Amino acid sequence: MTHVEDELNSQPECWVRAAADADEHKAALPAAGERVAIVGCGTSYFMAQSAAVLRERSGQGETDAFAASEFPDGRAYDRVVALTRSGTTTEVLDLLGRIRRRTRTTAITADPRTPVMQSADDVVVLDFADEQSVVQTRFATTALTLLRAHLGLHSDAVVADARTALETPLPEGLVDRTQFTFLGRGWTVGLAHEAGLKMREAALAWTESYPAMEYRHGPISITSRSTATWMLGEAPEGLARQVRETGAMWVAGGLDPLAELVRVQRLAVAVAAARGLDPDRPRHLTRSVVLTPAADPGARR
């Protein structure tokens, strides 16, 4: 079993623990009414997108999400929450350093022995969800579970769905598709983007992701019999029929959307195996992106 497989299979237990610990971390997480930005890089950015929508739509306060490298320095927030598994990502540490004196900052990380511990005002350590693999699975979903629980949006049913996602066979013929499209609505748009990223990282697959209503506005034109279109969450009326009319496989997301992401993680590993790839050694990737000054195009030489 690869590290990725071992880690993705442990997610239900990680989610139970994160939800149970949510009250313990309450003071470090955004309070109702705060104006908040959630930032990250790669997978953490997509989790930030999902968390931001959940928080704002639950009435807790205006919430934005940014890639750490694209944070608008001139915009005022009561708190900035940074998601960073490694605690060493250059863009995240740079951002926390720039804003710390004027904005309260919280870091959610997996490793308490990293620079982020000194870079943020408050730190939540989910070391039980840390990973050996380059490809993120359990840390990302556990961090999002913590934030869902903090908002009162987590339940035992979510964990039950995750176990179902791990136990139920993938749809027949899905692994043989050559193009994968993931769709979301509201908070699940971020999950759709993360699903696409998992397939690219682990399996070098041709994947795309969109808000579901946007899929009709152009992207559906490349859908064919070799495509699988996977909906995370409730589909817009009529979309499943339109996709099937193209000849593509439609995969309906019947579980909690975060549990559906677990199914996609399994698919990524299965497609990698079918293509003779090792998901523990994704091409051109490292566990953390740590940049030197020379790697910055704007750096003084």
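Quick look at the structure, then. Only a predicted model underlies this, so the values are computations on that prediction, with no experimental measurement involved.

### Considering the pattern of salt bridges
Where charged atoms from two side chains of opposite charge approach closely, those side chains can pair.
Move 1: Scanning the entire structure with this criterion turns up 16 salt bridges.
Move 2: Two residues, aspartate 256 and arginine 148, come together in a salt bridge whose shortest N-O distance is 3.1 Å. With aspartate 256 in the loop between β9 (249-251) and α10 (257-274) and arginine 148 in helix α6 (residues 138-150), the pair connects residues that are 108 residues apart, well separated along the chain. Here aspartate 256 and arginine 148 have matching classes, each one buried.
Move 3: Members of the salt-bridge network, linked through shared partners, are Glu34, Arg79, Arg104 and Asp122.

### What to know about the sheet that holds strand β5 (residues 122-125)
Move 1: The strand order β2-β1-β3-β4-β5 describes an open sheet built from 5 strands, whose pairing is parallel. Strands with a single pairing partner mark the edges of an open sheet, and in this sheet they are β2 (63-67) and β5. For this sheet, the mean angle separating the axes of adjacent strands, direction not counted, is 20°.
Move 2: Packing against the sheet, helix α4 (residues 90-99) makes contact with β1 (36-40), β3 (79-84) and β4 (104-109), and its axis sits at approximately 160° to β3.

### Some points on the environment of glutamine 11
Move 1: Topologically, glutamine 11 is positioned in helix α2 (residues 11-21).
Move 2: Since its relative accessible area comes to 0%, glutamine 11 is described here as buried.
Move 3: For the pair glutamine 11 and alanine 205, spaced 194 residues apart in sequence, the C-alpha to C-alpha distance is 24 Å.
Move 4: Among residues more than four places away in sequence, those in contact with glutamine 11 are Thr137, Arg138, Thr141, Val262 and Gln265.
Move 5: A polar contact is formed between the side chain of glutamine 11 and the backbone oxygen of leucine 8, at a distance of 2.8 Å.

### So, the environment of alanine 28
Move 1: One can find alanine 28 in the loop between α2 and β1.
Move 2: With a relative accessible area of 11%, alanine 28 lands in the buried category.
Move 3: Put simply, alanine 28 and aspartate 94 are 66 residues apart on the chain and 20 Å apart in space, counted from C-alpha to C-alpha.
Move 4: When neighbours within four sequence positions are excluded, alanine 28 is seen to be in contact with Arg79, Thr106, Asp122 and Val124.

What counts and how
- Residues numbered from 1 in each chain as written.
- Predicted model: local features only at pLDDT ≥ 70, side-chain atom pairs only at ≥ 80, totals over all residues.
- Heavy atoms only, no water.
- Salt bridge = Lys/Arg side-chain N within 4 Å of Asp/Glu carboxyl O.
- Helix = DSSP H or I, 4+ residues; strand = E, 2+ residues; numbered from the N terminus.
- Buried < 20%, exposed > 50% of the residue type's maximum accessible area, 1.4 Å probe, protein only.
- Pairing = 2+ DSSP bridges.
- Axes fitted to C-alpha atoms, helices over the stretch in contact; angles between N-to-C directions.
- Contact = heavy atoms within 4.5 Å.
- Polar contact = N/O pair within 3.5 Å; in protein donor to acceptor, adjacent residues only side chain to side chain.

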